[in-house]
Amino acid sequence: MQTNNIQTKPDILIVNEIFYSIQGESTHAGRPCVFVRLTYCNLRCTYCDTAYAFEEGLEMTIDEIIEKVDSYKCNLVEITGGEPLVQVNAHKLTKALCDKGYEVVLETGGSLSISDIDPRVKRIVDFKCPSSGMEKKNFWENVNYLKNDDEVKFVIGDRNDYEWAKEKIGEYGLVDKCTLLMSPVFGAIDPKVLAGWILEDKLDVRFQIQIQKYIWQPDARGV
Ligand code: SF4
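The structure presented is a predicted model; accordingly, all values stated were derived computationally and were not measured. (Residues numbered from 1 in each chain as written. Predicted model: local features only at pLDDT ≥ 70, side-chain atom pairs only at ≥ 80, totals over all residues.)

Asker: With reference to specific residues and values, describe the overall build of the chain.
Answerer: Counting its regular elements, the chain contains five helices and nine strands. Moving toward the C terminus, one meets the helices and strands of the chain in the order β-β-β-α-β-α-β-β-β-α-β-α-β-α. The C-alpha radius of gyration of the chain comes to 17 Å, within 12% of the 17 Å expected for a compact globule of 223 residues. Its C-alpha atoms give the chain principal-axis dimensions of roughly 50 × 40 × 30 Å. Within the chain, the fraction of its 223 residues that count as buried is 39%. Counted over contacts in the chain with a minimum sequence separation of 6, partners at least 24 positions apart contribute 73%. (Helix = DSSP H or I, 4+ residues; strand = E, 2+ residues; numbered from the N terminus. Rg over C-alpha atoms; globule rule 2.2 N^0.38 Å. Buried ≥ 20, exposed ≤ 12 C-beta atoms within 10 Å, placed from the backbone. Contact = placed C-beta atoms within 7 Å.)

This is how it looks when you write it as structure tokens:
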């Protein structure tokens, strides 16, 4: 059983950044969204674009986080990282946001259990493909906890990743569980190539690109 491993003081989380932007990935792409990026990650993906969230962060109470989120007057909130589930209090935060009526999305790397997340939260589970170097960390029991409104994402770096993802989709019957997303690793594979493979195979997935990288600079933070 995979477990979370950082228990900060009651009602405290280490927060890397809170910002308001356009949701760039998932079925929510294109929507205005408040992002709460929590510090720490238990993985080290080869293509990680948020390594600054591994250690940098400030302590905030859950009330302080919610006050900041409230200030943007936007109903969609995404909890992300790093790996947000590393901090046990992430559960208290998501519950508090749901209780206030927010639509809450949580993006996780798929290595920690999603079983305890508030059922009102829409989970995006980013199972790690071989080119990430983190494939062995995938916690596949998570497929048993997927709901209709969750999403599974595969970030594809090469043809081997694509074939691997297709195999996992079949092995775990993922098409029947929730929406499936496939996106290219930025700068590693031409989006047209991945789109072509999906079309050729008539794969029942949603192709996507990280639109925030096209709106702003690819390495911009807080967008
Ligand atoms: S899970 Fe996300 S934040 Fe963590 S190393 Fe991988 S890409 Fe970076």
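On we go from here.
Asker: Residues and numbers for the sheet that holds strand E8 (residues 179–184), please.
Answerer: As summarised here, the arrangement of the nine strands in space is E3-E1-E2-E4-E5-E6-E7-E8-E9, forming an open sheet in which the pairing is mixed. Each edge of the sheet is formed by a strand with only one pairing partner; in this case those strands are strand E3 (58–61) and strand E9 (206–207). Here helix H4 (residues 191–201) sits on the sheet in contact with strand E7 (151–156), E8 and E9, set at roughly 145 degrees to E8. (Pairing = 2+ DSSP bridges. Axes fitted to C-alpha atoms, helices over the stretch in contact; angles between N-to-C directions.)

Asker: Help me get a handle on unusual backbone geometry, residues and values and all.
Answerer: A cis amide bond, omega 15 degrees, links Gly81 with the succeeding residue Gly82. With respect to the helices, strands and loops of the structure, Gly82 is situated in the loop between strand E4 (76–80) and helix H2 (90–99). Of note in the backbone geometry, Lys73 takes a positive phi value of approximately 50 degrees without being a glycine. Structurally, Lys73 can be placed in the loop between helix H1 (62–71) and E4. One non-glycine residue, Lys202, lies in positive phi territory at about 50 degrees. On the secondary structure map, Lys202 appears in the loop between H4 and E9.

Asker: So what's going on with the packing of H1 against H2? Which residues, and what values?
Answerer: The geometry of H1 relative to H2 is characterised by a closest axis approach of 10 Å and an angle of 45 degrees between their N-to-C directions. By the angle class used here, H1 and H2 are oblique. Like other packed secondary-structure pairs, H1 and H2 cross with a definite hand, here right-handed. Judged by residue contacts, Ile62, Ile65 and Ile66 of H1 engage Lys92, Leu93, Ala96 and Leu97 from H2. A breakdown of the residues in the contact of H1 with H2 according to their chemical character gives six nonpolar, no polar and one charged. (Parallel < 35°, antiparallel > 145°, perpendicular 65-115°, else oblique. Left-handed = near helix turned anticlockwise from the far one by under 90°. Nonpolar A, V, L, I, M, F, W, Y, C, P; charged D, E, K, R; others polar.)

Asker: Residue-level account of the nonpolar core, with values.
Answerer: Formed by 51 residues in total, the largest nonpolar core has its most connected members in Leu13, Val36, Leu38, Val77, Ile79, Val104 and Ile156. The element best represented in this core is strand E2 (residues 32–38), accounting for five residues. (Core = buried A, V, L, I, M, F, W, Y, C linked by C-beta atoms within 7 Å.)

Asker: Just give me the short version of the pairing of strand E5 (residues 103–108), but keep the residues and values in it.
Answerer: Counting buried residues in E5 gives five out of six residues, a clear majority hidden from the surface. Pairing analysis gives four bridges linking E4 to E5, with the strands arranged parallel. Considered in E5, the bridge of Leu76 is made with Glu103. The parallel pair E4 and E5, bridged by H2, forms a crossover whose chirality is right-handed. In terms of strand pairing, E5 meets strand E6 (residues 122–127) through four bridges, oriented parallel. Within E6, the residue paired with Val105 across the bridge is Lys122. (Right-handed = clockwise from strand over helix to strand, strands pointing away.)

Asker: Any details on the environment of Asp201? Residues and values, ideally.
Answerer: Relative to the assigned elements, Asp201 resides in helix H4. Distance in space between the C-alpha atoms of Asp201 and Leu93 is 41 Å, their sequence separation being 108 residues.

Asker: Could you give me a rundown of the environment of Ala51, with the residues and numbers involved?
Answerer: Examined against the element boundaries, Ala51 turns out to sit in the loop between E2 and E3. Here the alpha-carbon distance between Ala51 and Lys128, two residues 77 residues apart in the chain, equals 16 Å.

Asker: Quick rundown of the environment of Glu64? Include the residues and the values.
Answerer: Topologically, Glu64 is positioned in helix H1. Given 16 C-beta atoms within 10 Å, Glu64 falls into the partly exposed group. Glu64 sits 53 residues away from Asp11 along the chain, and the two C-alpha atoms are 9.9 Å apart.

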